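These are the residues of each chain, in order.
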Amino acid sequence: MKFNPGKKLLSILAVLTLTLVTTDGVSTASSPPPAPVLPNPVLVYMGQEYYEANGKQWTRYKYSVFNLQEYPNEMFAAAPELPPCGTNTKSSRTWVDIFTSDGKRLYGFCALGNRDGLGRLWFAAERQAIPPSWIYIEINDRKTNTKYKSNLAETTD
């Protein structure tokens, strides 16, 4: 049997064409589009606020996420199908936790309601306490099991 390169090439093209025709009809409409890739939050120190509560003097350290508009409001909608936050059975799909630079959790938000809440994050310490030098946040989308970790931000001006 003699090797015919033209016939071989024709066979390969026929197989490729058949493959493209049969796979082109495969529908991906039933598959959800991939979740958008979101940037990590850019945490910005906004200042301090002094207040009194329960007979004690406190300092509130205030922060904002500079790129909060990058996060869809749907991430902060009530999610009663997910585990509650304490007794709050309507806590949001996404929770935000504040940590010291070495990973100690300081405070958390589990019901922000929408992305604008990322502009009003804070933690408090008694006024005479020395705050951690640096903190960061983690935005935890519990529906997709995705965490977004911020930069380190200072706690003083």
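Because the structure is predicted, anything quoted here is derived from the model rather than measured. (Residues numbered from 1 in each chain as written. Predicted model: local features only at pLDDT ≥ 70, side-chain atom pairs only at ≥ 80, totals over all residues. Heavy atoms only, no water.)

Novice: What am I meant to see in the overall build of the chain here?
Specialist: When you go through the chain residue by residue, the secondary structure sums to 1 helix and 8 strands. Counting from the amino terminus, the chain carries its helices and strands in the arrangement α-β-β-β-β-β-β-β-β. Buried residues in the chain amount to 31% of all 157 residues. (Helix = DSSP H or I, 4+ residues; strand = E, 2+ residues; numbered from the N terminus. Buried < 20%, exposed > 50% of the residue type's maximum accessible area, 1.4 Å probe, protein only.)

Novice: Hey, could you run me through the nonpolar core in this one?
Specialist: Nonpolar side chains in soluble globular proteins tend to be buried together. Residues Tyr63, Tyr71, Val96, Leu118, Leu121, Ile137 and Ile139 are the most contacted members of the largest nonpolar core, which totals 23 residues. Those elements that place two or more of their residues in this core are strand 1 (43-53), strand 2 (56-65), strand 3 (94-100), strand 5 (121-126) and strand 6 (134-141). Residues contacting Tyr71, with those up to four places away along its chain left out, are Leu38, Pro39, Asn40, Pro41, Phe76, Arg115, Leu118, Ile139 and Tyr148. (Core = buried A, V, L, I, M, F, W, Y, C linked by side-chain atoms within 4.5 Å. Contact = heavy atoms within 4.5 Å.)

Novice: Please clarify how the packing of aromatic side chains should be interpreted in this entry.
Specialist: Aromatic ring pairs are described here by two measures, namely the spacing of the ring centres and the angle between the planes. According to the stated counting rule, one finds 8 aromatic pairs in the structure shown. Considering the side-chain rings of Tyr107 and Phe109, the 5.2 Å spacing of their centres and the 85 degrees angle between planes classify their relative orientation as edge-to-face. Overall, Tyr107 belongs to the partly exposed group, its relative accessible area being 32%. Between Arg60 and the ring centre of Trp122, over which it is positioned, the NZ or CZ distance is 4.3 Å. Just above the ring of Tyr136 sits the side chain of Lys149; from NZ or CZ to the centre is 4.5 Å. (Phe/Tyr/Trp six-rings, centres within 6.5 Å; stacked < 30°, edge-to-face > 60°. Lys NZ or Arg CZ within 6 Å of the ring centre and 35° of its normal.)

Novice: Before we go on, may I ask you to explain the environment of Leu112 in this structure?
Specialist: In this structure, Leu112 sits in the loop between strand 4 (105-109) and strand 5. A relative accessible area of 17% means that Leu112 is categorised as buried. Taking C-alpha positions, Leu112 is 8.3 Å from Thr94, a pair spaced 18 residues apart along the chain. Excluding its chain neighbours within four sequence positions, the residues that come into contact with Leu112 are Phe76, Ser92, Val96, Gly117, Leu118 and Leu121.

Novice: Even after reading the chapter, I still don't get the pattern of salt bridges, so can you show me in this structure?
Specialist: Side chains carrying opposite charge are able to pair once their charged atoms draw close together. This model, assessed by the stated rule, comprises 6 salt bridges. Measuring nitrogen to oxygen at the nearest pair gives 3.7 Å for the salt bridge that ties Glu126 to Lys56. Within this pair, whereas Glu126 is found in strand 5, its partner Lys56 is found in strand 2, the two being separated by 70 residues in sequence. Accessibility expressed as a relative area gives 39% for Lys56, which makes it partly exposed. The shortest N-O distance in the salt bridge between Asp97 and Arg105 comes to 2.9 Å. (Salt bridge = Lys/Arg side-chain N within 4 Å of Asp/Glu carboxyl O.)

Novice: Any chance you could explain unusual backbone geometry here in plain terms?
Specialist: Trans is the prevailing form of peptide bonds, just as negative phi is the prevailing case for residues other than glycine. Located in the positive-phi region is Asn54, a residue other than glycine, with phi close to 55 degrees. With respect to the secondary-structure elements, Asn54 resides in the loop between strand 1 and strand 2.

Novice: Is there a simple way to explain the confidence of the model for the chain in this structure?
Specialist: Reading predicted coordinates in detail is not appropriate for stretches of low pLDDT. Averaged over all residues, the pLDDT of the chain is 85; the fraction at 70 or higher stands at 77%. Low pLDDT (under 50) marks residues 5-33, which in the prediction has 1 contact with non-local residues, meaning those over four places away or in another chain. (pLDDT = per-residue confidence, 0-100.)

Novice: What exactly am I supposed to notice about the sheet that holds strand 1 here?
Specialist: Pairing between the strands of a sheet comes from backbone hydrogen bonds, and it takes one of two forms, parallel or antiparallel. Read from one edge to the other, the open sheet built from 3 strands follows the order 1-2-5, with strand pairing classed as antiparallel. Each edge of the open sheet carries a strand with a single partner, namely strand 1 and strand 5. This sheet shows a mean twist of 25 degrees between the axes of neighbouring strands, independent of strand direction. Examined bridge by bridge, strand 1 and strand 2 share 10 bridges and lie antiparallel to one another. (Pairing = 2+ DSSP bridges. Axes fitted to C-alpha atoms, helices over the stretch in contact; angles between N-to-C directions.)

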